[in-house]
Amino acid sequence: MSKKSIIFYNDHVVRAVWDEENSKWWFSATDIVRAINDEEDYTKGRNYWKYLKGKMAKDGVQLVSVTNHFKFMAPDGKQRAADALDAQCVQTLAKNYPNNRASAFLDWFVYSDNTIDGQSKKKAYTLFENGILDSMKPGTVECLQQIHAYLFGGLYNFAA
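In this text the structure is predicted, and so the values were computed from the model without any measurement. (Residues numbered from 1 in each chain as written. Predicted model: local features only at pLDDT ≥ 70, side-chain atom pairs only at ≥ 80, totals over all residues. Heavy atoms only, no water.)

**Student:** Outline the pairing of strand S3 (residues 24-28), listing residues and values.
**Tutor:** Note that strand S2 (residues 12-19) and S3 share 4 bridges and pair antiparallel. Following the sheet pairing, aspartate 19 is matched in S3 by lysine 24. Note that S3 and strand S5 (residues 79-86) share 3 bridges and pair antiparallel. Within S5, the position partnered with serine 28 by the bridge is alanine 84. (Pairing = 2+ DSSP bridges. Helix = DSSP H or I, 4+ residues; strand = E, 2+ residues; numbered from the N terminus.)

Pasting the structure below:
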């Protein structure tokens, strides 16, 4: 596990680790639950995840059997083992979540066109396909500024 990542969903941290052996990312289950529920309290999020995985197991949704424990940086600064879900399990969790807030998370997680990442990705394809890059001088600060403004303008307040 050499790669670690932190991504944000509505200002909530979702920690991830790269599994070199299986060539895939694993995401903190507690972070996902906290992000979906807009829960600031780590303990409440962890307790709800424990309840939820038990409830889902009773309902026949098996996440626990494919859940792995990886070490994530805990709020106290120590590395602690926690439940982690791969991308397929994250999608299964979101599709079986007991409220409708998970659908927005699922859209964000799979980078739909409705998300900021999805919109930026569409802009990147347009930038390339329309030949706009051909009119820019590569390797200059001005070129990078123009690309940045094109990709992120209107999506982020810092991209003007």
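Resuming the write-up.
**Student:** Now, about the packing of aromatic side chains: what can you tell me, with residues and values included?
**Tutor:** What characterises a pair of aromatic rings is the spacing of the ring centres plus the angle enclosed by the ring planes. Enumeration over the complete set of coordinates arrives at 9 aromatic pairs. Geometrically, the ring pair formed by tryptophan 18 and tryptophan 25 is edge-to-face, given 5.4 Å between the ring centres and 65° between the ring planes. Tryptophan 18 gets classed as buried once you look at its relative accessible area, which sits at 16%. Judged by centre distance (5.2 Å) and plane angle (50°), the ring pair of phenylalanine 105 and tryptophan 108 falls under tilted. One end of the pair is phenylalanine 105 and the other is tryptophan 108, both in helix H4 (residues 101-109) and 3 residues apart, which spans about a single turn. Across this residue pair, the class does not change: phenylalanine 105 and tryptophan 108 are buried. Through pairs of rings, three or more aromatic residues link up here, namely Tyr9, Phe27, Phe105, Trp108 and Phe109. (Phe/Tyr/Trp six-rings, centres within 6.5 Å; stacked < 30°, edge-to-face > 60°. Buried < 20%, exposed > 50% of the residue type's maximum accessible area, 1.4 Å probe, protein only.)

**Student:** An account of helix H3 (residues 87-95) is requested, with residue identities and associated values reported.
**Tutor:** Among the residues making up H3, those that are buried are Cys89, Val90, Leu93 and Ala94. Seen from one end, H3 has its buried residues packed into an arc of 135°, which puts them on one side. Turned more than 90 degrees away from the buried face of H3, the exposed residues are Gln88 and Lys95. The inward-facing, buried residues of H3 abut S3, helix H1 (29-37), helix H2 (42-58), S5 and H4. (Arc of directions from axis to C-beta. Contact = heavy atoms within 4.5 Å.)

**Student:** Explain the side chain of aspartate 86 to me, and be specific about the residues and the numbers.
**Tutor:** Tracing the backbone shows aspartate 86 in strand S5. Look at aspartate 86 and you get buried, because its relative accessible area is 10%. Separated by 2.8 Å, the side chains of aspartate 86 and lysine 24 make a polar contact. Engagement of the side chain of aspartate 86 in a polar contact is seen with the backbone nitrogen of cysteine 89, the distance being 2.9 Å. Residues within four places of aspartate 86 in sequence aside, it is in contact with Lys24, Trp25, Trp26 and Phe27. (Polar contact = N/O pair within 3.5 Å; in protein donor to acceptor, adjacent residues only side chain to side chain.)

Scope: geometric values only; no functional claims are made or implied.
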